[in-house]
Amino acid sequence: MSFSFGRELRLCSAADFKQVFDHTDIKVSNRHLLILARENNLDHPRLGLVIAKKNIRFANGRNRVKRHIRETYRLNQDCLGNLDIVVLARRGLGELESSEINKLLTRQWSKLHQKLGDRQAKEQASQQKQQLVAS
RNA sequence: CGAGUUGGCUGGGCAGUCGCUGUUGGUGAAUUUUAAUUCACUGGUGGAGGAAAGUCCGGGCUCCAACGGGUAGGGCGCCAGGUAACGCCUGGGAGGCGAAAGCCUACGGAAAGUGCAGCAGAGAGUAAACCGCCUAAGUCUUCAUUUCGGUGAAGAACGGUAAGGGUGAAAGGGUGCGGUAAGAGCGCACCGCAUGACUGGUAACAGUUCAUGGCACGGUAAACCCCGCCUGGAGCAAGACCAAAUAGGGAUCCUAUAGGUGUGACCCGCACUGGAUCCGGGUAGGUUGCUUGAGGUGUCUGGUGACAGGCAUCCCAGAUGAAUGAUUGCCCAAGCUUGUGUAUGACUUGUCAUAUACCGGCUGGACAGAACCCGGCUUAUAGGCCAACUCGACCU
């Protein structure tokens, strides 16, 4: 169990972001935010944030939202396998109370975890099928 | 104690747990050349603001060959001082507001020129007769009178008049007396105004001062304009460097002292250079700039003050897909509230209203986030604290 949040757990270049946008495997969406994710070749998840000035006007609010996303990500990272994740803020997220944001995010992370589990199960099933066919 | 004015300070605190980031020490590992670099673990120690914001001014710094001259454009505008500089600040003057403390002012020139002014009103810029007042002098008519020259009265036109009414934001000094046909700075006195002297003040400017002038010169310059002063442009995505990749091209056309580029206001000057079009290739990433500075704190000296100088002492964020956080508990400020007590007022004489104290419960932090750095301005801001001053009430 790890709660650290170092540089290797973030998306740090435009190329990484582009990978996620172009080949999205999993999508989790909500009225206030949108999460895109894609499996990577590492043994840990990576997080990137897209908080547009258009959607949250003041720098103060943007910082607040980013901190909450990072914090909840940090606490839930063990559930997230080896995904590259990009979180996009939508309009209205800045108006929510801090506790509401936290609740919302925890829910979204668990949803993402579920979808990842489904996907992996599916893959395993198909692999088994292939093996069966091959044998 | 209440009402107010001005200036300044503060912008929740403590502890635990889990994190982010700068720096520094230790241990281990890897690479190579002593040592350095990178990574991991671990200990210490820093880590948003008064506005970090708006990007409205002024600087530093960097580049544009150097920033040279001129024009245009832009900015500023009472005086003196402060400052690296400013459109900022301080002190003073003038005008306006307030009972006062105090506050506000885009505050040069309208006697160089041009322009502009709705409605109302007769007239709005070398003033103007709508109502009103007057009809003296000169003219005409009628009547009376006559010594036949005139004289008197009434009326009329021509005309005079800015005192009164009316219009308007504004009608070309005000009040009084004289004067007059009625009036009028027409004359005089006082007040105001203008010009010149004198006095005070560095100056803006001021004056129970003197002289002169009957008074001219309406407003508007955040309208053009004139006068004085200031001003080259772009910005840290400035700029410099490292490693790596690609290229050191191809085709067509034009040309010989002009053209182009620098040059992003224009001209001159200067510097560099064959040029134009199309095709192809190509700018991913990292380091630096990057925080020691017109610096902070304390104290002394000079100055009314802004501020300046001396001495001592301190080092106080440097992120870059962008750190400075999350959560739990307690405390403090504040708000709401059940209950209890006290005081005052009202009356339906035990209820209601207001103020205040205590115990408990609940809620619970304003505006807002560095991005090269400073000095200002402007705007946002829950509250809390301090000082000085003004006015009012009460007590001594």
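Taken as a whole, this structure holds one aromatic pair when the rule is applied. Considering the side-chain rings of Tyr-73 and Trp-109, the 6.0 Å spacing of their centres and the 55° angle between planes classify their relative orientation as tilted. With a gap of 36 residues between them, Tyr-73 in helix H2 (residues 59–76) and Trp-109 in helix H3 (residues 98–134) connect regions that are remote in the sequence. We note that Tyr-73, like Trp-109, is buried.

Right, let's talk about the pattern of salt bridges for a bit. Enumeration according to the criterion identifies four salt bridges in this entry. In this structure, Arg-119 engages Asp-25 in a salt bridge whose closest nitrogen and oxygen atoms are separated by 3.7 Å. Here the residue Arg-119 occupies a position in helix H3, and Asp-25 occupies one in the loop between helix H1 (14–22) and strand E1 (26–29), the gap between them amounting to 94 residues. A relative accessible area of 34% means that Asp-25 is categorised as partly exposed. Between Arg-46 and Asp-84 there is a salt bridge, and its shortest N-O distance comes to 3.0 Å. With Arg-46 in strand E3 (residues 46–50) and Asp-84 in strand E4 (residues 83–89), the pair connects residues that are 38 residues apart, well separated along the chain. A relative accessible area of 16% means that Arg-46 is categorised as buried. Here the salt bridges do not stand alone but share partners, grouping Asp-25, Glu-39 and Arg-119 into one network.

What follows covers the pairing of strand E2 (residues 33–39). Burial runs high along E2: five of the seven residues are buried. Pairing geometry for E1 and E2, over four bridges, is antiparallel. By the bridge assignment, Lys-27 is partnered in E2 with Leu-36. Hairpin connection, E1 to E2: the antiparallel pair is bridged by three residues. In terms of strand pairing, E2 meets E4 through seven bridges, oriented antiparallel. The residue of E4 that forms the bridge with Leu-34 is Leu-88.

What follows is about the confidence of the model for chain A. On average, residues of chain A score 78 in pLDDT, and 90% of them reach the 70 mark or higher. Two summary scores accompany this predicted model of the complex, namely pTM at 0.73 and ipTM at 0.81.

Attention now moves to the environment of Glu-8. By secondary structure assignment, the location of Glu-8 is in the segment before H1. A relative accessible area of 47% means that Glu-8 is categorised as partly exposed. C-alpha separation for the pair Glu-8 and Phe-58, spaced 50 residues apart in sequence, amounts to 28 Å. Residues in contact with Glu-8, not counting those within four places in the same chain, are His-44 and Arg-46.

What counts as what
Residues numbered from 1 in each chain as written. Chains lettered and ligands numbered in written order. Predicted model: local features only at pLDDT ≥ 70, side-chain atom pairs only at ≥ 80, totals over all residues. Heavy atoms only, no water. Phe/Tyr/Trp six-rings, centres within 6.5 Å; stacked < 30°, edge-to-face > 60°. Helix = DSSP H or I, 4+ residues; strand = E, 2+ residues; numbered from the N terminus. Buried < 20%, exposed > 50% of the residue type's maximum accessible area, 1.4 Å probe, protein only. Salt bridge = Lys/Arg side-chain N within 4 Å of Asp/Glu carboxyl O. Pairing = 2+ DSSP bridges. pLDDT = per-residue confidence, 0-100. Contact = heavy atoms within 4.5 Å.

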